[in-house]
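This is what each chain is made of:
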Amino acid sequence: MKRLMIADGSDIVRKVGKRILSELGYQVSEAASGREGLTRCERELPDVMIVDAGMADALDLISNVRALPDGKAVKIYYCVVEAELKVMMAGKRAGASDFLLKPFDREILTKTFGDKAIAA
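- In the nomenclature of an unreviewed UniProt entry, the chain is known as Response regulator of Peteryoungia algae.

Written out as structure tokens, the structure is:
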């Protein structure tokens, strides 16, 4: 089972995302801040991360995960509210693999992650 972390300051976003992604076959962990996310990644690196661009330390989280042993193997989705080039490029420079538009729902998460949860 693939491990996925949702790093988002919103309890609701994390809970909804966790419920949907768990149903898709992921083992989901949550982090309310970049610092909490990094601490969790240092203990057990996820296969996939969703990092909210709205978190103050989102870019630090991405670049710090990339610096960890095997951190380059993590698929990191930088979650943005709108497709703003400046924000997206900052995420890409920090090491984001891809982007996810927020707010996301069951349909978006299923389309993005539905066929990828098969054993790591």
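## Section: the side chain of Arg14
- Position of Arg14 among the secondary structure elements: in helix α1 (residues 11-23).
- Once you skip the residues sitting within four places of it in the chain, Arg14 turns out to touch Ile6, Asp8, Gly9, Glu30, Ala31 and Ala32.

## Some words on the packing of aromatic side chains
- Inspection of every chain in the model, using the stated rule, returns 2 aromatic pairs.
- Geometrically, the ring pair formed by Tyr26 and Phe113 is edge-to-face, given 6.1 Å between the ring centres and 90° between the ring planes. Within this pair, whereas Tyr26 is found in the loop between α1 and β2 (27-31), its partner Phe113 is found in helix α5 (residues 106-113), the two being separated by 87 residues in sequence. For the residue pair Tyr26 and Phe113, the accessibility class agrees, reading buried in each case.
- One aromatic cluster in this structure is built from Tyr26, Tyr77 and Phe113.

## So, the UniProt feature "modified residue: 4-aspartylphosphate" (unreviewed entry) in the chain
- The sites that UniProt annotates as "modified residue: 4-aspartylphosphate" (unreviewed entry) are Asp52.
- Within the secondary structure, Asp52 is located in strand β3 (residues 48-52).
- For Asp52, a relative accessible area of 8% gives the class buried.
- Leaving out residues up to four positions away in the same chain, Asp52 has contacts with Ala7, Asp8, Ala58, Cys79 and Lys102.

## Topic: the packing of α1 against α5
- Two numbers describe how α1 lies on α5: the axes approach to 10 Å, and their chain directions differ by 45°. On the basis of their axis angle, the class for α1 and α5 is oblique. Handedness of the α1/α5 crossing: right-handed. Judged by residue contacts, Gly17, Arg19, Ile20, Leu21 and Glu23 of α1 engage Arg106, Leu109 and Phe113 from α5.

## A few points about the nonpolar core
- If you look at the biggest cluster of nonpolar residues, it comprises 21 residues, and the most contacted ones within it are Cys41, Met49, Val51, Leu61, Ile62, Val65 and Ile76.
- No other element matches the 4 residues that helix α3 (residues 58-67) contributes to this core.
- With near-sequence residues (within four places) excluded, Leu61 lies in contact with Ala7, Gly34, Gly37, Leu38, Met49, Val51 and Met55.
- Counting residues in hydrophobic clusters, the runner-up holds 15 residues, among them Ile6, Leu21, Phe104 and Leu109.

## So, the sheet that holds β2
- Taken in spatial order, the 5 strands of this open sheet run β2-β1-β3-β4-β5, and their pairing is parallel. The open sheet is flanked by β2 and β5 (98-101), the only strands paired with a single partner. Within the sheet, the average angular offset between the axes of one strand and its neighbour, ignoring direction, is 25°.
- Here strand β4 (residues 75-80) pairs with β5 via 4 bridges, running parallel. Paired with Tyr77 across the two strands is Asp98, which belongs to β5.

Cut-offs used in this document
- Residues numbered from 1 in each chain as written.
- Predicted model: local features only at pLDDT ≥ 70, side-chain atom pairs only at ≥ 80, totals over all residues.
- Heavy atoms only, no water.
- Helix = DSSP H or I, 4+ residues; strand = E, 2+ residues; numbered from the N terminus.
- Contact = heavy atoms within 4.5 Å.
- Phe/Tyr/Trp six-rings, centres within 6.5 Å; stacked < 30°, edge-to-face > 60°.
- Buried < 20%, exposed > 50% of the residue type's maximum accessible area, 1.4 Å probe, protein only.
- UniProt positions renumbered as here; feature names shortened; annotations may be inferred.
- Axes fitted to C-alpha atoms, helices over the stretch in contact; angles between N-to-C directions.
- Parallel < 35°, antiparallel > 145°, perpendicular 65-115°, else oblique.
- Left-handed = near helix turned anticlockwise from the far one by under 90°.
- Core = buried A, V, L, I, M, F, W, Y, C linked by side-chain atoms within 4.5 Å.
- Pairing = 2+ DSSP bridges.

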